[in-house]
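Residue strings, one per chain:
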Amino acid sequence: MSRIVVPGELLADKPIRMEAGFIEGNNTYSTLLGIYHEEKGVLVPLEGLWYPQRGDIVIGIVEEARLNAYNIELNSPYKGIIIAKFVETRLQRGDVIEAEVKEIDETKTVVLMRPKKLFGGKIFDVKPSKIPRIIGKQNTMVDQIRNGTKSVIMVGMNGRVWLKGGNVALATEAVLKIVEEAHTTGLTERIKALLGPQSQPQQGV
Amino acid sequence: MGGAGEMNATGNIPELIVNGKRLDGRAFDEMRPIKIVAGGLKNAAGSAYIEWGNNKILAAVYGPKEALPKHTQDPEKAVIKCRYSMAPFSSLEEHGRSGPNRRAIEISKVTREVFENVIIREDFPGSEIDIYVEVLQSDGGTRAAGITTAAVALATSGIPMTDLPYAVSVGKTGEHLILDLNKAEDNYSDADMPVAIGPRNDSILLLQMDGTLTKEEVMRGMSMIKKAGQTITKLQKEALRAPYESIMDRYK
Amino acid sequence: MQPINQVKGEYVRELVNKGIREGGRDLLEYRAIDVKHGMLPNAEGSAMVTIGNTKVLCGIKLDVGEPMRDKPNQGNLMTLAELLPLASADYEPGPPSPDSIELSRVVDRGIRAAGVIDLDALFIEEGKVWSVFIDIYVLNYDGNLFDAASLAAMTALSNCKLPKYENGEVIRGANLPKLPITNTVTSCTFAKMGNKVLLDPNGSEEAIMDGRLTIANDTENIVRSMQKGLHGAFSEQELDHLLDKTFEKSKELRDIISKSRSD
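Residues numbered from 1 in each chain as written. Chains lettered and ligands numbered in written order. Predicted model: local features only at pLDDT ≥ 70, side-chain atom pairs only at ≥ 80, totals over all residues. Heavy atoms only, no water.

### Things to note about the overall build of chain C
Our working rule: The helix and strand labels rest on DSSP assignments: H or I over at least four residues marks a helix, E over at least two residues marks a strand, and numbering proceeds from the N terminus. Within these notes, the globule rule equals 2.2 Å times the number of residues to the 0.38 power, and the radius of gyration is based on C-alpha atoms. Relative accessibility thresholds used throughout: buried, under 20% of the residue-type maximum; exposed, over 50%; partly exposed, between the two (1.4 Å probe, protein chains only). The contact definition used throughout considers only heavy atoms, calling two residues in contact when any of these lie within 4.5 Å. Note on areas: Shrake-Rupley with a 1.4 Å probe; residue coverage comes only from the protein chains shown. Charge convention: Lys and Arg are scored as positive, Asp and Glu as negative, and His as well as the terminal groups of each chain are ignored. Charge positions come from single atoms, namely NZ of Lys, CZ of Arg, CG of Asp or CD of Glu.
Along chain C, the regular secondary structure elements total 5 helices and 12 strands. For 263 residues, the compact-globule estimate of 2.2 N^0.38 gives 18 Å, and chain C sits close to it at 19 Å. Referenced to the eigenvectors of the C-alpha coordinate spread, the extents of chain C come out at roughly 65 × 40 × 35 Å. Each of the 263 residues in chain C was classed as buried or not, and the buried ones make up 56%. Partitioning the contacts of chain C with sequence separation of at least 6, the portion at a separation of at least 24 is 69%. For chain C, the accessible surface area stands at approximately 11300 Å², while carbon and sulfur atoms represent 49% of it. Here chain C contributes 30 positive and 39 negative side-chain charges, whose respective centroids are spaced 2 Å apart.

This is the structure:
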């Protein structure tokens, strides 16, 4: 059984450790609007923010280029930073980058590494809770969009999507449909239908 | 709250209870009709709209984002900023002044304190969360309706909370306790007690009172509020579920 | 401005240079417009206008006031605009910004210049006239507040009640006559980007526009107010062309308002 739950709602009358849940006394409660899968004891957020984790791929915008570090805007209360000496080419204010979370320091600053500059293209923010669905299991969903639109697509765990080339309008439509319908079943099939036959990986090549 | 004694002197108090019913036909423990819509404002991180009797209120949430100016930052947790305001065209009477007055500033403060209790602020040190409550049309009980709406707006923003508060007021006219006062009742009643509750433990998050009540009446008022709260909580949950369920239904 | 809007703007510029817009709309085409009125019965008039994701509410109140000294037989008109902080991450609570003051004054000028309200009909008695307060409430920002606000104000005015004044008391509520409206004014706002001009700029387009021109009119060939904004310049030929476009496009807007009157 799964059900939509709201913040403060009782999930279980026993303590169960789970993401987006909290334990008080012998009970477990939700902190978010989400879908609770009772058998699995898993709460999938319908609405939720991004909590940076080491290894997350993010898309950021250079907010300030200082001599020894760059401040990166991450669509988040957490500030991003890149140490300048680890970057080969100099970045500028307004540059869009894809990077990996190296660590989160004690001031909750997100230290990034391996930045790649993204030139041009279209960028937009979506709710971070929808990102796992845009990517899909083993990248199935995002690959489907790539194949179906021939667009270059980058997805940041911080709730940001970057598109370039190919059919950007169709790719945008697909991403927004996934965002709206993330909590439904059969979504992969519907996105396949939207994108047409090219979205499927080619056999035997 | 007018203060009944004062009104007696003018000889002008309208009778609030006629034949055991209130002026708008409600029973003593009956709320006005409530309709809540979750979401709706695209730019905000979260938003909600309520029609509570003749009250029409929008709430929106921005953040968490870096708290500015910097001296407002708390290195341990997020700071909450709240602005309750009434549109100059919101009342049936004359055009109001724009900008928050002393009343609005106080309501902003007590509203903020409700949400300081339930938002898991430790997750976002150094940041701020902004809550805006805009009263577009008012008919008494706007602070309670505003808190109820803001709770839904926060839930749609994905900001983690330990509870989903609601609020409603109870008042007194003559010997009767009455639930959810409208403007006319608010003006001429003998007491008004707006309360916000965190339903998980029935914790009292906002409590104001003005007028004259006995201890027994206060406690009886609290149980009226909690009983009404079951309905309000249900409406809040339905509003939050509705946008998701309508999409699920599309593909059934 | 949020850094992301700047980046989004760059993409929009790329498209516009090729003569295309997001969502496939023509350069001189409005987004979907939705107009509702009468949703706030406490106010004498109210209207909500949605243009794309821009949402503007207008509320109108009428109070008894004193006439201006130089116009003792005329009612008063006051237009105010609030860029509510819930409408955009770029709006801050506090006193009116220059942008909100410009918005309210541009809307106000169109209404006055076109003689939309018969101010003489608002005279009550010696020293007493009706004051009309038009409040523009921006609820969600996605560009072109000027056209949304003037459309909201005009729709609210067109469906506004006139309270009664009897024995020193204002009588409000239902069963009142309509505020006498003698004309309909609307505006068309254009954004200039490089050498391209577009109608009804959205938020990302406004983020990178160099110039903005708002033209308000009531009938064909008559202009009632204009406002050019930002550093970018318009040529005479462009002005000539945009006046014609305004005359053409304003028909759609006037139709929307007249339809609201018959609802």
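So, next bit.
### Let's talk about helix H3 (residues 168–181) of chain A
To be explicit about the condition: In a helix, the anticipated span is given by 1.5 Å times the number of residues less one.
Over its 14 residues, H3 of chain A runs 20 Å from end to end, which matches the ideal 20 Å to within 8%, given 1.5 Å per residue. Of the positions making up H3 of chain A, those classed as buried are Val168, Leu170, Ala171, Thr172, Ala174, Val175, Ile178, Val179 and Glu181 of chain A.

### Re the confidence of the model for chain C
Heads up, the rule is: By definition, pLDDT measures how confident the predictor is in each residue, and it falls between 0 and 100.
The predicted model of chain C averages 95 in pLDDT, with 100% of residues at 70 or higher. Both scores are available for the predicted complex, with the pTM at 0.94 and the ipTM at 0.92.

### Some details on a nonpolar patch on the surface
All names here are of chain C. Heads up, the condition is: Excluding any residue in a salt bridge, patches collect residues exceeding 30% relative accessible area, merging like charges within 9 Å and nonpolar Val, Leu, Ile, Met, Phe, Trp and Tyr side chains within 5 Å. A side-chain nitrogen of Lys or Arg and a carboxyl oxygen of Asp or Glu constitute a salt bridge if their distance falls within 4 Å.
On the surface, a nonpolar cluster with roughly 210 Å² of combined accessible area is contributed by Val223, Met226 and Leu239. Position of methionine 226 among the secondary structure elements: in strand E12 (residues 223–229). For methionine 226, a relative accessible area of 42% gives the class partly exposed.

### Here we look at the sheet that holds strand E9 (residues 186–193) of chain C
Neighbouring strands of a sheet are bound in pairs by backbone hydrogen bonds; such pairs are parallel or else antiparallel. Residue and element names in this part refer to chain C. Just so we agree on the cut-off: Pairing between strands requires that DSSP locate at least two bridges from one strand to the other. Angles run from 0 to 180 degrees between N-to-C directions of axes, and those axes are lines fitted to C-alpha atoms, restricted for helices to the stretch in contact.
Read from one edge of the open sheet, 4 strands run E10-E9-E11-E12, paired in antiparallel fashion. Single-partner strands in this sheet number two, and they are strand E10 (196–199) and E12. Within the sheet, the average angular offset between the axes of one strand and its neighbour, ignoring direction, is 20°. Bridging between strand E11 (residues 211–217) and E12 involves 6 bridges; their strand directions are antiparallel. Across the sheet, asparagine 217 pairs through a bridge with valine 223, a residue of E12. Taken strand by strand, helix H3 (residues 145–158) contacts E9 and E11, and its axis lies near 175° from that of E9.

### Re the interface of chain C and chain A
Our working definition: Buried area is calculated as the accessible area (1.4 Å probe) missing from two parts once they are joined, with the contributions of both summed. For this classification, Asp, Glu, Lys and Arg are treated as charged, while Ala, Val, Leu, Ile, Met, Phe, Trp, Tyr, Cys and Pro are nonpolar and the rest, including Gly, are polar.
Of the residues lining the interface, 7 residues belong to chain C; the matching set on chain A comes to 13 residues. Summing the contributions of chain C and of chain A, the shared interface buries around 790 Å²; its carbon and sulfur component is 72%. Contact with chain A buries area across many residues of chain C, yet Ile4, Val7 and Tyr11 of chain C alone supply 61% of it, more than any other trio. Between the two partners, chain C and chain A, sit 1 salt bridge. Where lysine 122 of chain A meets glutamate 22 of chain C, a salt bridge forms, and the shortest distance between an N and an O atom there is 3.0 Å. In terms of residue class, the side of chain C that touches chain A is built from 4 nonpolar, no polar and 3 charged.

### What about the packing of helix H2 (residues 102–118) of chain B against helix H3 (residues 142–157) of chain B?
A pair of packed helices is characterised by two quantities: the angle between their axes and the separation of those axes. Residues and elements named next belong to chain B. Put simply, the test is: Convention used here: angles under 35 degrees read as roughly parallel, angles over 145 as roughly antiparallel, angles from 65 to 115 as roughly perpendicular, and any remaining angle as oblique. With the far helix as reference, a near helix turned anticlockwise by less than a right angle produces a left-handed crossing, and one turned clockwise produces a right-handed crossing.
Orientation of H2 relative to H3, taken along the N-to-C sense of each, is 40°, at an axis distance of 11 Å. As the angle between them shows, H2 and H3 are arranged oblique. Read as a crossing pair, H2 and H3 show a hand that is right-handed. Contacts between H2 and H3 involve Arg103, Ile107, Thr111, Val114 and Phe115 from the first element and Thr142, Arg143, Ile147, Ala150, Ala151 and Leu154 from the second. The residue inventory of the contact of H2 with H3, partitioned by class, reads 7 nonpolar, 2 polar and 2 charged.

### Digging into the sheet that holds strand E5 (residues 34–37) of chain A
Residues and elements named next belong to chain A. Taking strand neighbours across the sheet as the criterion, the 3 strands line up as E1-E5-E6 in an open arrangement whose pairing is antiparallel. Two strands bound the open sheet, and with one partner strand each, they are strand E1 (2–5) and strand E6 (42–45). The mean inter-strand angle of the sheet, taken between neighbouring strand axes irrespective of direction, is 25°. Here E1 pairs with E5 via 4 bridges, running antiparallel. Bridged to serine 2 within E5 is histidine 37.

### Some details on the packing of H3 of chain A against helix H4 (residues 187–195) of chain A
Residues and elements named next belong to chain A. Orientation of H3 relative to H4, taken along the N-to-C sense of each, is 160°, at an axis distance of 10 Å. Classified by the angle between their axes, H3 and H4 sit roughly antiparallel to one another. Pair H3 / H4 crosses with right-handed handedness. Taken together, the residues of H4 that come into contact with H3 (itself represented by Leu170, Glu173, Ala174, Lys177, Ile178 and Glu181) are Leu187, Arg190, Ile191, Leu194 and Leu195. A breakdown of the residues in the contact of H3 with H4 according to their chemical character gives 7 nonpolar, no polar and 4 charged.

### Quick word on the environment of glycine 60 of chain A
All names here are of chain A. As for its position among the elements, glycine 60 is in strand E7 (residues 57–65). According to the relative accessible area criterion, glycine 60 is buried, its value standing at 1%. Along the sequence, glycine 60 and arginine 160 sit 100 residues apart, while their C-alpha atoms lie 8.2 Å from each other. Discounting chain neighbours no more than four positions away, the residues touching glycine 60 are Ile72, Glu73, Leu74, Asp95, Val96, Ile97 and Arg160.

### Here we look at the pairing of strand E7 (residues 127–137) of chain B
Residue and element names in this part refer to chain B. To be explicit about the condition: Here a crossover is taken to be right-handed if, once the strands point away from the viewer, the path from the first strand over the helix to the second is traced clockwise.
Where burial is concerned, most of E7 is hidden: 11 out of the 11 residues are buried. Direction of pairing for strand E5 (residues 55–66) relative to E7: antiparallel, over a ladder of 9 bridges. From the neighbouring strand, alanine 60 faces E7, where its bridge partner is tyrosine 132. In terms of strand pairing, strand E6 (residues 79–86) meets E7 through 8 bridges, oriented parallel. Paired with isoleucine 80 across the two strands is isoleucine 129, which belongs to E7. Crossover handedness for the path E6 to H2 to E7: left-handed.

### Here's the deal with the interface of chain B and chain A
Contacts between chain B and chain A engage 30 residues on the former and 30 residues on the latter. The junction of chain B with chain A conceals about 2600 Å² of combined surface from both sides, 64% of it contributed by carbon and sulfur atoms. When the area that chain B buries against chain A is broken down by residue, the three leading residues are Arg200, Tyr244 and Tyr251 of chain B, summing to 26%. Our count for the chain B to chain A interface comes out at 5 salt bridges.

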